[in-house]
Amino acid sequence: MHLFRRYPGLTAAFATGLVLAAACSDRSNPAGPPGGGGNPGGPQTPGTPVVLGELRCTGNTKTKTVVCGDNSNRRDIIIDGPNNKYVDVASTNVNYDAGTQAFTFDVTIRNRIPQPLGTADTTGALAPDPNGINVFFFQAPAVTAGSGLVTVTGDGTGTFTASGQVYYRYNTVLEQYELSSPRTWQLTVPLTVTSFDFILKVSTAVPYPDGYVDVEGNFNVRSGYVRQLAAVSRNAMGEPDPIPPTFAWSSSDTTRATVSPTGLMHGLRFGSPTIRVETTSGSYRYAKVPVNVLAVRRIWTAAGANDNYENPHNWLPVNTAPPSPTWQPDSVKPVPQDTIVIPDTVPSFPTLTQNEGVGGIEVLDLTPGGTVPTLSLAAFNMDASGDVMTTNSGAINNTVGVLTLTGIARTVQGTLPFTRVTGTYSLTGNITVRAPLRVDLGRLTSTGFRIQATSQ
């Protein structure tokens, strides 16, 4: 499952901010929202802030308390209790100085939605939005016991849902469940005032103010195997759409991975294509998910009815795990990260028709008295970055082509053609090499095994 990462910066597209429900109390009482990250995307529309709830707070100079309660008629969005659904705004260290008439308390913010607060950037890094996270007074303090005028010091005034609203700003980025450092708020409260009410809201930039698509599943797949992906369309708060939309899936590189209309991903060959999913009903949103198609051991089958190494129908992927019920041969020739296996149980053996790169090479002569397997380079070159092994009479041969061993801390044994070593290899058995054998800026180590060069 993809989780949200930190996002840097701010684009001007969300200058008005997103208004979130806030809770203010003497102690935090977290209650997490549904959802939990994703790989979101889609066009985002700036405009009027989304108002999700109100919290009326009461300050009392005698008891030195600040207590907040829900003041919203939108009970449908307060499903986890009256407060603390989207953002915790918790107050501590409440104090009233009668001499200066300063009513002070420390306030922290905790993010409770999957999106990070305080940034609008979607690249995944972390940089605070210059406008910060603003907790503003939706309703200025109103005296409820006593008489006089309560004023807020604040960090300034701005236009959130109306002009001239006082706010306190937190210059930070908060990921899900992350808690801000405390800030001290100060109100001026005359001695003639005992208690007063005010209403708070939180306004902040988020990467996806119009919502996002959350893609779930395992994004690693071996060639020839499948993985089921699932998509959920969520609003900015991370809540699933009440009516699930339909989706369309696509792959950025169908030679490496394909994806069905139901999100079934089929790995084809090594690489990191991107799977895209977009809504085709409801609010338009989309996501792009990088996936990894892993290298495999590719078995030569000669099913293509010829000895052409380049013919994809001559190869079959294999894995130690049982194949999926929907597994199918993928008809892809080896790529440089794959290990190729040439067994002695097939009617013909591969011959290169162009230069090639590969991971490991195994030419396996395992059947006594059977056909001797070979890999023929002919007049072409092959680079191998993995272990290279031929057994018994099995061989890698050539006319003028060269096998170059490029791997680091790899092994080699068996019968080889013209060979050049640029990596570091150690022998796990005797090797017989068609001369010349060249070691160029590499190393070939033998402990108890023979190295023999021949003219044939």
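Now for a look at the structure at hand. Here the structure is a predicted model, which is why all the values come from computation and not from measurement. (Residues numbered from 1 in each chain as written. Predicted model: local features only at pLDDT ≥ 70, side-chain atom pairs only at ≥ 80, totals over all residues. Heavy atoms only, no water.)

Take the overall build of the protein chain next. The number of helices and strands found in the protein chain is zero helices and 38 strands. The burial tally for the protein chain puts 49% of its 456 residues in the buried class. Here the analysis covers contacts within the protein chain between residues at least 6 apart in sequence; of these, 61% occur between residues at least 24 apart. Taken as a whole, the protein chain presents about 19,500 Å² of accessible surface, with 53% of it coming from carbon and sulfur. (Helix = DSSP H or I, 4+ residues; strand = E, 2+ residues; numbered from the N terminus. Buried < 20%, exposed > 50% of the residue type's maximum accessible area, 1.4 Å probe, protein only. Contact = heavy atoms within 4.5 Å. Areas by Shrake-Rupley, 256 points an atom, 1.4 Å probe, with all protein chains shown as cover.)

What follows concerns the pattern of salt bridges. Throughout the structure, instances matching the rule amount to 12 salt bridges. In this structure, Arg 285 and Asp 241 form a salt bridge, with 3.0 Å as the shortest nitrogen-oxygen distance. Here Arg 285, found in the loop between β20 (274–279) and β21 (286–290), pairs with Asp 241, found in the loop between β16 (230–234) and β17 (247–251); they are 44 residues apart in sequence, far enough to count as distant. Accessibility assignment for this pair places Arg 285 and Asp 241 in one class, buried. One salt bridge connects Glu 310 with Lys 333, and the closest N-O pair in it is separated by 2.6 Å. With Glu 310 in the loop between β23 (297–300) and β24 (315–318) and Lys 333 in the loop between β24 and β25 (339–343), this residue pair connects regions lying 23 residues apart in the sequence. Taking the relative accessible area as the measure of exposure, Lys 333 reaches 23% and is therefore partly exposed. Overlapping salt bridges bring together Asp 214, Glu 216 and Arg 234 as one network. (Salt bridge = Lys/Arg side-chain N within 4 Å of Asp/Glu carboxyl O.)

Before going further, it helps to spend a moment on the sheet that holds strand β15 (residues 226–228). Taking strand neighbours across the sheet as the criterion, the three strands line up as β15-β19-β18 in an open arrangement whose pairing is antiparallel. Each edge of the open sheet carries a strand with a single partner, namely β15 and β18 (257–259). Across the sheet, the mean angle separating the axes of adjacent strands is 20 degrees when strand polarity is ignored. The pairing of β18 with strand β19 (residues 264–267) spans three bridges and is classified as antiparallel. Following the sheet pairing, Val 259 is matched in β19 by Met 265. (Pairing = 2+ DSSP bridges. Axes fitted to C-alpha atoms, helices over the stretch in contact; angles between N-to-C directions.)

Counting 34 residues, the largest nonpolar core has Phe 103, Phe 105 and Trp 185 as the members making the most contacts within it. Of all the secondary structure elements, the ones that give two or more residues to this core are β4 (65–70), β5 (87–97), β6 (102–111), β7 (133–146), β10 (165–170), β11 (183–188) and β12 (193–204). It is β12 that contributes the most residues to this core, five residues altogether. Not counting the four nearest positions on each side in its chain, Phe 105 is found in contact with Val 66, Ser 91, Thr 92, Asn 93, Val 94, Arg 183, Thr 184, Trp 185, Leu 187 and Phe 198. Residues Trp 300, Trp 315, Leu 416 and Ile 431 belong to the second largest nonpolar core, which totals 27 residues. (Core = buried A, V, L, I, M, F, W, Y, C linked by side-chain atoms within 4.5 Å.)

We now examine the sheet that holds strand β26 (residues 356–358). Either a parallel or an antiparallel arrangement is found when strands of a sheet pair, and the pairing is made through backbone hydrogen bonds. Taken together, five strands build an open sheet; the order of strands is β26-β29-β32-β34-β36 and the sheet is parallel. The strands lining the two open edges of the sheet, one partner per strand, are β26 and β36 (437–439). Put simply, the sheet's adjacent strands are angled 15 degrees from each other on average, direction ignored. Here three bridges tie strand β34 (residues 418–421) to β36, and the two strands are oriented parallel to one another. If you follow Thr 419 over to β36, its bridge partner there is Leu 437.

Looking now at the packing of aromatic side chains. Centre-to-centre distance and the angle between the planes together describe a pair of aromatic rings. Counted by the stated rule, this structure contains 13 aromatic pairs. Seen from their ring centres, Phe 103 and Phe 105 are 5.8 Å apart, and the 65 degrees between their planes marks the pair as edge-to-face. Residues Phe 137 and Phe 198 carry aromatic rings whose centres are separated by 5.2 Å and whose planes lie at 45 degrees to one another, so their mutual orientation is tilted. With Phe 137 in strand β7 and Phe 198 in strand β12, this pair connects stretches of sequence that are 61 residues apart. (Phe/Tyr/Trp six-rings, centres within 6.5 Å; stacked < 30°, edge-to-face > 60°.)

Looking at the secondary structure, you find Val 259 in strand β18. When the C-alpha atoms of Val 259 and Ala 248 are compared, they prove to be 9.8 Å apart, with 11 residues separating the residues in sequence.

With that out of the way, let us pick up the environment of Leu 191. Its place among the elements puts Leu 191 in the loop between β11 and β12. A C-alpha to C-alpha distance of 10.0 Å links Leu 191 and Ala 102, two positions 89 residues apart in sequence.

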